[in-house]
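Coordinates in review
Residues per chain are reported as follows:
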Amino acid sequence: MSKASPRQMKAVAIQFMERMHFPLSVIAAFNKSDVISLFGSSASPDGVPPIHSGSELYRRIQKLEKHDHVKVFAVSRDFLEDFGEFYSFLCVSPYEEDWEHQFGYVGNCTYRCYAYCWNVNVDEFSEFGSVFIRSDAGQLQRVG
């Protein structure tokens, strides 16, 4: 498998963000300064809040990118009735061959995305996999 450069992975992440109709301000902040936004939290006055350096989420992103060589481009905070609180770290694989299978439109504003899912209640159940994300009106919500 051929490994992509960080710049290539960032370009693919931006393509995914555009296809999912992320707010333009979120895409611009990620493109310019690698700012990752937290969807599903209480909105800030400026829209979707950024994840601040020094926070636990930021440290988890840094660990994922360093250890698993992925490029995280957004995080969605959700509650699943049977499982509790989850954070889905939407990311791009370092392997170009994976890209076409990591992202797809499934209909009704819903996309299949590659993500690391952090189960806040039971950390041992956290894992990489596909999630279904509804992207509507500038917000993301995990629906499956």
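Everything discussed here concerns the structure shown above.
Computed from a predicted structure; not experimentally measured.

Let us look at the overall build of the protein. Helix and strand content of the protein: four helices and seven strands. Element order for the protein, N to C, with α for helix and β for strand: α-α-β-α-β-β-α-β-β-β-β. Computed over its C-alpha atoms, the radius of gyration of the protein comes to 14 Å, within 12% of the 15 Å expected for a compact globule of 144 residues. Dimensions along the principal axes, computed over C-alpha positions, put the protein at roughly 40 × 35 × 35 Å. Going through the 144 residues of the protein one by one, you find that 44% of them count as buried. The long-range fraction of contacts in the protein, counting pairs at least 24 apart against all pairs at least 6 apart in sequence, stands at 52%. If you sum the accessible surface of the protein, you get close to 8,000 Å²; carbon and sulfur atoms cover 51% of it.

Okay, the packing of helix α1 (residues 6-19) against helix α2 (residues 24-33) next. Across the interface, α1 lies against α2 with an axial gap of 10 Å and an inter-helix angle of 180°. Relative to α2, the element α1 lies roughly antiparallel. Contacts between α1 and α2 involve Lys-10, Ala-13, Ile-14, Met-17 and Glu-18 on the former and, on the latter, Val-26, Ile-27, Phe-30 and Asn-31. Of the residues that constitute the contact of α1 with α2, the class distribution is six nonpolar, one polar and two charged.

In terms of nonpolar packing, the biggest core is built from 42 residues, with Phe-22, Val-72, Phe-73, Val-75, Phe-89 and Leu-90 touching the most fellow members. Elements with a minimum of two residues in this core: α1, α2, β1 (37-39), α3 (56-68), β2 (71-80), β3 (84-92), β5 (110-119) and β6 (127-136). Those residues in contact with Val-75 that sit more than four places away from it in its chain are Ile-36, Ser-37, Leu-38, Phe-39, Ile-51, Ile-61, Tyr-87, Ser-88 and Phe-89.

As a further point, take the packing of aromatic side chains. Overall, the coordinates contain ten aromatic pairs when judged by the stated rule. With centroids separated by 6.1 Å and ring planes inclined at 55°, the aromatic side chains of Phe-89 and Tyr-116 adopt a geometry described as tilted. Of this pair, Phe-89 sits in strand β3 while Tyr-116 sits in strand β5, placing them 27 residues apart in sequence. Of the two residues examined, Phe-89 and Tyr-116, each falls in the buried class. Between the NZ or CZ atom of Arg-60 and the centre of the ring of Trp-118, over which it lies, the distance is 3.7 Å.

Reading guide: rules and limits
Residues numbered from 1 in each chain as written. Predicted model: local features only at pLDDT ≥ 70, side-chain atom pairs only at ≥ 80, totals over all residues. Heavy atoms only, no water. Helix = DSSP H or I, 4+ residues; strand = E, 2+ residues; numbered from the N terminus. Rg over C-alpha atoms; globule rule 2.2 N^0.38 Å. Buried < 20%, exposed > 50% of the residue type's maximum accessible area, 1.4 Å probe, protein only. Contact = heavy atoms within 4.5 Å. Areas by Shrake-Rupley, 256 points an atom, 1.4 Å probe, with all protein chains shown as cover. Axes fitted to C-alpha atoms, helices over the stretch in contact; angles between N-to-C directions. Parallel < 35°, antiparallel > 145°, perpendicular 65-115°, else oblique. Nonpolar A, V, L, I, M, F, W, Y, C, P; charged D, E, K, R; others polar. Core = buried A, V, L, I, M, F, W, Y, C linked by side-chain atoms within 4.5 Å. Phe/Tyr/Trp six-rings, centres within 6.5 Å; stacked < 30°, edge-to-face > 60°. Lys NZ or Arg CZ within 6 Å of the ring centre and 35° of its normal.

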